[in-house]
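# Remarks on the overall topology
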Amino acid sequence: MFGVSHRWHRGKYGALLVTLPFRVGRRAVQAAAAIGALVAAGTGLGWPAMAVAQDAVQELVWPLPPDVPRIRYVGALRSESDIGKKGSFLGGLSRAITGKGSGDLSILRPNDVYAADSMRVFVSDGAAGAVMVFDRGAGEVRIIGGKEGFGALMKPMGLGGDGRGRVYVADPSAHRVVMFGPNEEFLAAFGGPSQLLNPVDVAVDADADRIYVADSYLHQVVVYNHAGAIVQRLGRHVGDLAAKRVQAGAAGDSSSHGVQAHYQGTSRDLVENRGAEPGEFRYPLSVAVAPDGTLYVSDGLNFRVQAFDREGTHLFSVGRLGDTPGSLARPKGIAVDPDGHLYVVDGAFNNLQVFDGQGQLLMSFGSVGVGPGQFWLPMGIHIDRHGTIYVADRYNDRIQMFQYLSVEESATDTREPN
C-alpha cells in the first residue's frame, strides 16, 4: 500500500500540487475505511447518507486556490442506493461493514467504466465477472451479458462505446470483444483465439470506422472495422499466434481459459512482439480516442503513453519511468476530455496526471486514501461527452466522478471552493 508525499510543479494551470507515493500499512487504510463507512452509515440510510457525504465535499476542486479550478469532485457510485433506490437499516449497516448492501447490487473490484452521459454508467466488475449498468432514469442497477447466450461474458475487462448507443466489452478469457446495442441487447462479437490472445481494452472512433483493441499478451493494438474485419495491427508483428496456441495445447490446457494459465514455465505472452521503440509496446493496457481522432495507448511496462494518428503513424510519447511530475510508475487507464486533454491513471501514485494535446504536463490530482478524491489502486477511466470524469477506484469498490471545467466554465464559476 502507498501513502503520499507532495511536490509542487509549475504547469500551464499554475503552481500544482503533485502527489507521490510512500509505503504505509495496509491495515491502517482498511481501518480508516471501516470507520468512514460506519460514520457514513450513521448519517442516514441509502441515498440520504450518500447525499450528506457529497454535500460535505461538493466544492472540492483542483488545482487549489488561487489557481483557477479545472476539476471538481461530483460524487461516487457504489450500489443501487446511490442512484435513488432506498435501502433498509440492515441493508445500510451491511453496506457499511462489508461494502455490499443487503440484497442490492454493489460494486466490488471495478475494472473499467464507460458512459456516453451520466444517465447510464457501465461498470465491469472483477469480483462479479459481469458488467453492471447504473441506470439513473430507472433508478436501478442491471447486469448485461450474463453467463449464457451469445453475449455471455467470462471475464469482462475494458469497456468502450461509439457514442451512438453501442457498448463494447473486452473479454480476455474468451479472446473476443462483445458488442451490445442501445437496449443492451447482444449485437455481435469479433476476435476469437485465432486473432486475439488477451484483449484487455477497447476504444471506438466511429467517424473513421475504427475499433481499437489493446491486447496485452500480443503486445499489439488490433484495429477492426465495424464489420469485425482486421484493418491493421499496431506494434511488432513477428511472433506466431498460432504456434502459441499449439504451445498452450501441448501444456495440457484445452479450456477457454488457456491464455490465463502458465504453460509449464513459459511466458503467457508472445515474447517476440515485445518492443520499446516508438510504435512498439510492452503490455499495452488501455486505449482512448481524442476528439480529433488521435489514438492514445497506455504502454504498461514501457511506462509511457503513445500517440498515433488515424493511419497508425506514431506521433509522440508521454511519460517515462520515475517519481517526478510527468513520470509514470504504473500507468493504467487513459481518457481524453472534450478539449483534447489526456488523463493518465497511475496505480502506484494513486492519482491522475493531465497532459495537453502535445504531451506537456498540465496538472495532477488525487492521492492514496478512502475519502473523496482519493484512490486505492485506480484502474479504468472514461470521460463522457459532457466532460464528466469516471474513475474505477478498485480497492475502494466504487466509481468516483469528477467534472472537467473548461476555460469558459472556470471563468464563470464564482463559487468558493471548500
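Numbering of residues starts from 1 in each chain and follows the order in which that chain's sequence is written. pLDDT decides what is reported in this predicted model: residues at 70 or higher carry local features, side-chain atom pairs at 80 or more are listed and counted, and totals for whole chains, interfaces and linings draw on all residues regardless. Side-chain measures here rest on the full set of heavy atoms in the structure, leaving out hydrogens and waters.

### Re the sheet that holds strand E20 (residues 314-318)
The criterion for strand pairing is that DSSP finds at least two bridges linking the strands in question. Only DSSP runs of H or I reaching four residues or more are called helices, and only runs of E reaching two or more are called strands; each is numbered from the N terminus. If you trace the 4 strands from one edge of the open sheet to the other, you get E17-E18-E19-E20, paired in antiparallel fashion. Each end of this open sheet is capped by a strand with a single partner; those strands are strand E17 (284-289) and E20. Averaged over all pairs of adjacent strands, the angle between strand axes in this sheet comes to 20°, irrespective of strand direction. Bridging between E17 and strand E18 (residues 295-299) involves 5 bridges; their strand directions are antiparallel. Each bridged residue has a counterpart across the sheet, and for Pro284 the counterpart in E18 is Asp299. In this description, a line fitted to the C-alpha atoms serves as the axis of each element, helices being fitted only across the stretch in contact, and the angle between N-to-C directions of two axes falls anywhere from 0 to 180 degrees.

### Considerations on the pattern of salt bridges
Between Lys or Arg on one side and Asp or Glu on the other, a salt bridge is scored when a side-chain nitrogen of the former is within 4 Å of a carboxyl oxygen of the latter. Enumeration according to the criterion identifies 13 salt bridges in this entry. Between Arg310 and Asp205 there is a salt bridge, and its shortest N-O distance comes to 2.7 Å. Residue Arg310 is located in the loop between strand E19 (304-308) and E20, and its partner Asp205 is located in strand E13 (residues 199-205); the two are separated by 105 residues in the primary sequence. Here's how the labels work: a residue is buried when its accessible area is under 20% of the maximum for its type, exposed when over 50%, partly exposed in between, all with a 1.4 Å probe on protein chains only. The class of Arg310 is partly exposed, set by a relative accessible area of 32%. The closest approach of N and O atoms between Asp269 and Arg274, which form a salt bridge, is 2.7 Å. With a relative accessible area of 2%, Asp269 lands in the buried category. Arg274 sits in the partly exposed class, given a relative accessible area of 27%.

### Details of the nonpolar core
Only buried residues count toward a nonpolar core. Its members are Ala, Val, Leu, Ile, Met, Phe, Trp, Tyr and Cys residues joined through side-chain atoms within 4.5 Å. Formed by 19 residues in total, the largest nonpolar core has its most connected members in Ile71, Tyr343, Leu352, Phe365, Ile381, Ile389 and Phe402. Mapped onto this core, the elements with two or more residues apiece are strand E4 (71-77), strand E22 (342-346), strand E23 (351-355), strand E24 (361-365), strand E27 (378-383), strand E28 (388-393) and strand E29 (398-404). When neighbours within four sequence positions are excluded, Ile389 is seen to be in contact with Ile71, Tyr343, Ile381, His382, Ile383, Gln400, Met401, Phe402 and Tyr404. The next biggest cluster of nonpolar side chains, apart from the first, holds 17 residues, and it includes Val177, Val213, Tyr217 and Tyr283. Whether two residues touch is decided by their heavy atoms; if any such pair falls within 4.5 Å, the residues are in contact.

### Brief notes about the pairing of strand E7 (residues 130-135)
Across the 6 residues that make up E7, a large majority, 6, are buried. Both faces of E7 are covered, namely the face carrying Ala130, Met132 and Phe134 and the face carrying Val131, Val133 and Asp135. Pairing of strand E6 (residues 120-125) with E7, which is carried by 6 bridges, proceeds in the antiparallel orientation. The partner of Asp125 across the bridge, within E7, is Ala130.

Interpretation note: all reported values are geometric properties and have no functional meaning in isolation.
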